[in-house]
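# Structure assessment
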Amino acid sequence: RRRRRRRRRRRRRRRRGRRRGRVAAKQQPAPTTHSNPQVTKEYQQRVTAILKNLEVMQAEVNAQVSVIEAEADRTSLQITNAAVAEGYMLQQAAKTNATALVAKTLGLDGPEVVQYLKLKVGR
């Protein structure tokens, strides 16, 4: 019974709304571009222009990315080469210190150290 009453009330409200002029807003028809070829052509030109602008923007972004990548590669190589050079210098310093320690411990003078190094290299 309640359902029936609710349905009746809804129907009455709808009818009253129609009688009082409460009509839903009319939808405007969609613009038809096929009826005017000039308008269609203008829209096509606009779309083409937008697509070309997007291509230009994409190319600019790609160029910026390439520059950033090149700078990163350059920086990476600089850091790597500096580390390799520093490592080589540390190795040479360690060898020099070791040779000096051996010479001091054994009491070798200049020519004897040279002969020691020649023997060491010959092995």
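Presented here is an overview of the structure given in this document.

What follows covers a nonpolar patch on the surface. A grouping of V47, I50, L51, L54 and M57 is seen on the molecular surface, where their side chains present a nonpolar patch of about 490 Å² in accessible area. You can see I50 is positioned in helix α2 (residues 37-106). Its relative accessible area of 53% is what places I50 among the exposed residues.

The end-to-end C-alpha distance of α2, which contains 70 residues, comes to 103 Å, matching closely the 104 Å that a straight helix rising 1.5 Å per residue would cover. G107 sits one or two residues past α2 and shows a positive phi near 70°.

Close approach of charged atoms lets side chains of opposite charge pair. The full count for this structure, using the stated rule, is one salt bridge. The shortest N-O distance in the salt bridge between E55 and K52 comes to 3.9 Å. Taken together, the residues E55 and K52, both in helix α2 and three residues apart, mark about one turn of the helix. You can call E55 partly exposed: its relative accessible area is 49%.

What counts and how
- Residues numbered from 1 in each chain as written.
- Predicted model: local features only at pLDDT ≥ 70, side-chain atom pairs only at ≥ 80, totals over all residues.
- Heavy atoms only, no water.
- Patch = residues over 30% accessible without salt bridge, like charges linked within 9 Å, V, L, I, M, F, W, Y side chains within 5 Å.
- Areas by Shrake-Rupley, 256 points an atom, 1.4 Å probe, with all protein chains shown as cover.
- Salt bridge = Lys/Arg side-chain N within 4 Å of Asp/Glu carboxyl O.
- Helix = DSSP H or I, 4+ residues; strand = E, 2+ residues; numbered from the N terminus.
- Buried < 20%, exposed > 50% of the residue type's maximum accessible area, 1.4 Å probe, protein only.
- Expected span 1.5 Å × (residues − 1).

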